[in-house]
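This is what each chain is made of:
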Amino acid sequence: MSDTTRRRPLGGLLAASVIALAAAGAASTVYADEPPQNDGLNATYWTQNAVEFKANTYAMYALARLRLDEALADKKWTALPGEQGDSYEDKPTAVILDIDETVLDNSEYQAWTVKTGNSFSSKTWTPYVNTVTSRQIPGSLEFIKYAQSKGVAIYYISNRKDVEEKATIENLKKFGYPVDDAGEMVLVRGEKEEWKKSAKSPRRMAVGATHRVLLNIGDNLGDFTDDSDGTPAERVAFYKANQDRWGREWIMIANPTYGSWEGAAFGFNWKLPDGEKRQMKLDKMDAWAGPK
Ligand SMILES: [Mg+2]
């Protein structure tokens, strides 16, 4: 296809959209034969292709190594405020990591949703997990091996489901992540009656009952608190109230492709039409009024 053909402006009825965009002062023109827009394109492209993302996650895990050394030297240090329990100072040490977009990179699944216009569904997610083709989040393997070399136990707390645990262990093993076949190190949703919900606090507390937890590493507010489904203002309040923990005992890996941050924009009403969700995000963005 020649470039001129590809750049043909929209004709007929759709031309009205081009005119409407122009009237609204939009800087770009929509052309026919261009790929359809998708809200997830840039974020997914970034996490899969940009070295800026890779360098960022690598840096977070480099920081985690330094923090691990500090935490080992300070017996009062815990990454589970309010969940660690009493007399934890002399317990064996552990780190907790989320899996998806913290250790394993599922950008191929995200790219599939972007390319096909699908959204997340367990009907497609489980078959994807079973392909055992998740990639690695840069820096995670080096960090986990470092922690293990210091005698620190590794626990993965994931909202992957019980039925997905076997493939998850296989995927971790494929890259050489420390993990046991029995899955004692992988605490998935629904594995026990009291772990049926996605809220991770009961699983964090289970680790905290036997270990002093040095670091908690995740990509979603829900990896740190069960109150992640609040309003954007409530989420900001939690972030501020815990300001000193970020980059210390709590390490957040950037995930612009999905997460509770997105649901908060539309009250976690995921079933709303895409256009409505998009409008609610636009309404929540502060924007410059533009040149006078
Ligand atoms: Mg995650």
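Draft legend 1. Structural detail: the pairing of strand β4 (residues 153-161). The pairing of strand β1 (residues 93-97) with β4 spans 4 bridges and is classified as parallel. Note that in β4 the partner of Leu-97 across the bridge is Tyr-156. Handedness of the crossover joining β4 and strand β5 (residues 186-189) through helix α8 (residues 165-174) is recorded here as right-handed.

Draft legend 2. Quick look at the sheet that holds strand β6 (residues 212-218). Across the sheet, 5 strands lie side by side as β5-β4-β1-β6-β7; this open sheet has parallel pairing. Looking along the sheet, the strands with just one partner apiece sit at the ends: β5 and β7 (250-252). Shown here is a sheet whose adjacent strand axes are inclined to one another by a mean of 20 degrees, direction ignored. As judged from the 5 bridges shared by β1 and β6, these two strands associate in the parallel manner.

Draft legend 3. Focus on the coordination of the magnesium ion. Those donors, Asp-98 (OD), Asp-100 (O) and Asp-219 (OD), are the protein atoms that reach the magnesium ion, and they lie 2.0 to 2.2 Å from it. In the primary sequence, the donor residues of the magnesium ion line up as D-x1-D-x118-D.

Draft legend 4. Seen up close, the packing of aromatic side chains. Applying the stated criterion across every chain yields a total of 16 aromatic pairs. Both rings, one in Tyr-61 and one in Phe-143, keep their centres 5.7 Å apart while their planes meet at 35 degrees; by these two values the pair is tilted. Residue Tyr-61 is located in helix α4 (residues 51-73), and its partner Phe-143 is located in helix α7 (residues 140-149); the two are separated by 82 residues in the primary sequence. Like Tyr-61, the residue Phe-143 is buried in the burial classification. Ring centres of Trp-125 and Tyr-128 lie 5.5 Å apart, and the angle between their planes is 35 degrees; on these two criteria the pair is classed as tilted.

Calculation notes
Residues numbered from 1 in each chain as written. Predicted model: local features only at pLDDT ≥ 70, side-chain atom pairs only at ≥ 80, totals over all residues. Heavy atoms only, no water. Pairing = 2+ DSSP bridges. Helix = DSSP H or I, 4+ residues; strand = E, 2+ residues; numbered from the N terminus. Right-handed = clockwise from strand over helix to strand, strands pointing away. Axes fitted to C-alpha atoms, helices over the stretch in contact; angles between N-to-C directions. Donors = N, O, S within 2.8 Å, 3.2 Å for Na, K, Ca; no water. Phe/Tyr/Trp six-rings, centres within 6.5 Å; stacked < 30°, edge-to-face > 60°. Buried < 20%, exposed > 50% of the residue type's maximum accessible area, 1.4 Å probe, protein only.

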